[in-house]
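The residues making up each chain are set out below.
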Amino acid sequence: MAMLNRLAIRYKLIILLGLSGGFALLISSLIMVSSMYLTQSKSSMQVLHQLTDVISENMQAALAFNDASSASKILASLHANPHILLAIVTNNNGQILSQYQPNFLQAERAQIHKQALEQILKERTPQQPDQLLEHIQPDWMGVVKPVFFEGQAIGTLTLLSDTQIMWDEFRKFVLMQILASALTVALLLFLSLKFQAIFTQPILNLISSMRTVAQTKNYRTVLESDHKDEFKHLYEVFNSMLVDIQERDDRLFKLATTDALTGLANRHHAMELMNTIINRAQRTQHPFGLIMVDLDFFKTINDTYGHQTGDLVLQETAKVLHDSAREYDLVARMGGEEFLIVCDDAPLQTCIVIAERIQQNLANHEIEYAPGCKLNVTASIGVYSSAQNPAETSITAMLSAADAAMYQAKSAGRNTYCVA
Amino acid sequence: MTWLTPQSYANDVETELTAVFIGRFASYVEWPASEHRHFVITVLGENLFDAKLDQLYHNKQIKDKPVKVRYAATLNQVARSDILFINLQTASDRLSAIHFARQHSMLSISTARGFADNGGIIQLNIVEQKAQIKINHTAALDSGLKIAAPLLSIATVLRKKQP
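Everything in this summary refers to the structure shown in the same document. (Residues numbered from 1 in each chain as written. Chains lettered and ligands numbered in written order. Predicted model: local features only at pLDDT ≥ 70, side-chain atom pairs only at ≥ 80, totals over all residues. Heavy atoms only, no water.)

## A short note on the nonpolar core
Logical step 1: In this structure, Phe65 of chain A together with Phe25, Leu107, Ile133 and Leu151 of chain B are the most contacted members of the largest nonpolar core, which totals 64 residues.
Logical step 2: Looking at this core, the element that brings in the most residues is helix H2 (residues 9–64) of chain A, giving 8 residues.
Logical step 3: The contacts of Leu151 of chain B, once residues within four sequence positions are left out, are Ala61 and Phe65 of chain A together with Phe25, Tyr28, Ile122, Ile133 and Ile135 of chain B.
Logical step 4: Val293, Ala318, Ala325 and Leu348 of chain A belong to the second-largest nonpolar core, a separate cluster that totals 30 residues. (Core = buried A, V, L, I, M, F, W, Y, C linked by side-chain atoms within 4.5 Å. Buried < 20%, exposed > 50% of the residue type's maximum accessible area, 1.4 Å probe, protein only. Helix = DSSP H or I, 4+ residues; strand = E, 2+ residues; numbered from the N terminus. Contact = heavy atoms within 4.5 Å.)

## Some details on the layout of surface pockets
Logical step 1: Volume-wise, the largest pocket comes out at about 940 Å³.
Logical step 2: Lining of the largest pocket is provided by 32 residues; of these, Asn92, Gln152 and Ile154 of chain A together with Val20 and Arg24 of chain B occupy positions nearest its centre.
Logical step 3: Every element with two or more residues in the lining of the largest pocket is listed here: H2, strand E2 (96–100) and strand E5 (152–162) of chain A together with helix H1 (12–27), helix H2 (52–57) and strand E3 (61–62) of chain B.
Logical step 4: Residue contributions to the lining of the largest pocket peak at 9 residues, all from H1 of chain B.
Logical step 5: Considering only residue class, the lining of the largest pocket consists of 14 nonpolar, 10 polar and 8 charged. (1 Å grid on protein atoms, 1.4 Å probe; cavity = no way out; pocket = protein on both sides within 12 Å on 5 of 7 lines; lining within 4 Å. Points joined across faces, edges and corners; volume = space filled by probe spheres on them. Nonpolar A, V, L, I, M, F, W, Y, C, P; charged D, E, K, R; others polar.)

## A closer look at the sheet that holds strand E6 (residues 107–110) of chain B
Residues and elements named next belong to chain B.
Logical step 1: Reading across the sheet, the 8 strands line up as E3-E4-E2-E5-E6-E7-E8-E10 and stay open at both edges, with mixed pairing between neighbours. Single-partner strands in this sheet number two, and they are E3 and strand E10 (156–158).
Logical step 2: The pairing of strand E8 (residues 130–136) with E10 spans 3 bridges and is classified as parallel. Within E10, the position partnered with Ile135 by the bridge is Val157. (Pairing = 2+ DSSP bridges.)

## Some thoughts on helix H3 (residues 68–76) of chain A
Because the α-helix completes a turn every 3.6 residues, residues three or four places apart line up on one side.
Residues and elements named next belong to chain A.
Logical step 1: Taken together, the buried positions of H3 are occupied by Ala68, Ser70, Ala71, Ile74 and Leu75. Around the axis of H3, the buried residues are gathered within 160 degrees of arc, so they sit on the same side.
Logical step 2: The distance from a side-chain oxygen at the start of H3 to the backbone nitrogen of Ser69 is 3.2 Å, and the residue carrying that oxygen is Asp67. (Arc of directions from axis to C-beta. Polar contact = N/O pair within 3.5 Å; in protein donor to acceptor, adjacent residues only side chain to side chain.)

## Examining a nonpolar patch on the surface
Logical step 1: Where nonpolar side chains cluster on the molecular surface, the patch consists of Leu4, Tyr11, Ile15, Leu19, Phe23, Leu26 and Leu30 of chain A and spans about 670 Å² of accessible area.
Logical step 2: With 6 residues, the single largest contributor to the nonpolar patch is H2 of chain A. (Patch = residues over 30% accessible without salt bridge, like charges linked within 9 Å, V, L, I, M, F, W, Y side chains within 5 Å. Areas by Shrake-Rupley, 256 points an atom, 1.4 Å probe, with all protein chains shown as cover. Salt bridge = Lys/Arg side-chain N within 4 Å of Asp/Glu carboxyl O.)

## Here we look at the sheet that holds strand E6 (residues 289–295) of chain A
All names here are of chain A.
Logical step 1: If you walk across this open sheet you meet the 5 strands as E7-E8-E6-E11-E12, and the pairing is mixed. Here the strands that pair on one side only, and so sit at the sheet edges, are strand E7 (330–335) and strand E12 (417–419). Direction aside, neighbouring strands of the sheet carry axes that sit 20 degrees apart on average.
Logical step 2: By the bridge criterion, 3 bridges tie strand E11 (residues 379–385) to E12 in an arrangement that is parallel. (Axes fitted to C-alpha atoms, helices over the stretch in contact; angles between N-to-C directions.)

## Some points on the packing of H2 of chain A against H3 of chain A
For any two helices packed against each other, one specifies the crossing angle of their axes together with the interaxial distance.
All names here are of chain A.
Logical step 1: Orientation of H2 relative to H3, taken along the N-to-C sense of each, is 165 degrees, at an axis distance of 9 Å. Relative to H3, H2 is oriented roughly antiparallel. As for the relative orientation of H2 and H3, their crossing is right-handed in sense. Of the residues in H3, those in contact with Ile55, Asn58, Met59 and Ala62 of H2 are Ser70, Ala71, Ile74 and Leu75. (Parallel < 35°, antiparallel > 145°, perpendicular 65-115°, else oblique. Left-handed = near helix turned anticlockwise from the far one by under 90°.)

## Concerning the environment of Asp12 of chain B
Logical step 1: With respect to the helices, strands and loops of the structure, Asp12 of chain B is situated in helix H1.
Logical step 2: Taking the C-alpha atoms as reference points, Asp12 of chain B and Asn87 of chain B, 75 residues apart in sequence, are found 16 Å from one another.

## Quick word on empty space enclosed by the protein
Residues and elements named next belong to chain A.
Logical step 1: Inspection of the entire model under this criterion finds 1 cavity of 30 Å³ or more.
Logical step 2: If you add up the space inside the largest cavity, you get close to 40 Å³.
Logical step 3: In this structure, the largest cavity is lined by Leu117, Ile120, Leu133, Glu134, His135, Trp140, Gly142, Val143, Val144 and Thr158.
Logical step 4: Those elements giving two or more residues to the lining of the largest cavity turn out to be helix H4 (107–123), strand E3 (133–136) and strand E4 (140–149).
Logical step 5: Of all the elements, E4 adds the most residues to the lining of the largest cavity, at 4 residues.
Logical step 6: By residue class, the composition of the lining of the largest cavity is 6 nonpolar, 3 polar and 1 charged.

Okay, structure coming up:
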């Protein structure tokens, strides 16, 4: 069983189909062979019966007149049948009137047959016209038939023949059966090899797809199946599982990359994206810029209007920043009331335009923190441009420069921007 | 032509076998249709059987008719019979009996040597308790009797030579 468990499903299926077919074949063959043996032995016995009937009919007159010479002549006709081993005619006193024994039969063998016959006759003696005795052994079979005259038994005729014809036919049949079985098993194995794919191919396809998904992490894969059976259900369940994984991944990705309050990219994700953007810009020698935004007096807003209003201010500011930046700029919340905009493919002038647009949009954007209660916020902005600092390659240094410019704007009275 | 005197039976067993065989011959012989109620066996001449025939065929049937056994010392005493067992001493008497039997469709049987050769239908000899049968088939046909093949197959059969 352990060895079977180690085998691939395709081989298990082949073995299963082969064993099932083989057992069915074995049982049917055994039944056929048994049936053939019974039929053949019955048929051989019937032939012997017919011969006995003919001989006994001819023997009637010889027995009626105790004519041994005629009886011998009648029995001599059995010479034409090489399978007759012994024929004996006895009168109603049990005396042998005549007997036939082929020349080829050894005396010792004939004696054995006679003794066996005597044993049979000792056990049973037919008394009625239709009462026959028959006996079959592996190497011979015999029939004892009473001969009647005018309704009275006047003797018995006993014929013994070999079973060669029966065994020859039986051997032929068994040989044919073996050949037929071998062909059937071969065909069965061939069909098993062919048809196992019906069951194993969808499973193998599924395994292959699962491996691909595991390697590529592409959980948006949809597996197609032409099957209308349980395999279709299996594929549907697998596809459903992939959708669940994708949705979970999306949620996890969002949780890992997005700031929960504002919906902007969080600091960690911003650093990763910024790294990619800056590397590409340096490779393509395109300018880029960093805009560091810090809300003015945010602590006061928190203290005055509460954290709920503070959160609302942060959310509204995020919207303004998002609307102020270009579509392909990265807007992220770096922490607290500090935001960063990474401007890809942007010279200093473009960065300044964006910074000014932020100031303008913040000034125009009223935040309704309670029904009928509104406030405006301002921000101090530090602008860093790679075009102004071509020797700088460290992201940390670039951020520090933008940060310093932002604090410079704070020092300059807030609600303004400075260029690093 | 010389008639041989019938031999005496060696013993009672052979006599009894003869008595049995006389009846058995009837099973293989077909007589012309008749409306007689009995199947008659007549012993013509010396009765060798004593009472054996009477005992053997008492209450027996042959050809679905009850058997009647009669005895006749001379041919004049023979009435209608189906089987005529001839045990006469002289050849001339036996010849007369054979002619008589042929005229009346009787199955003539005898143990006399040369019986079949001289026109009798069945000559029966018992040797060592085994029957030796000689049948004059031509005589049977002349008598209107048909003898079945199984009996002919075990007998020595005399037939009329073809011209």
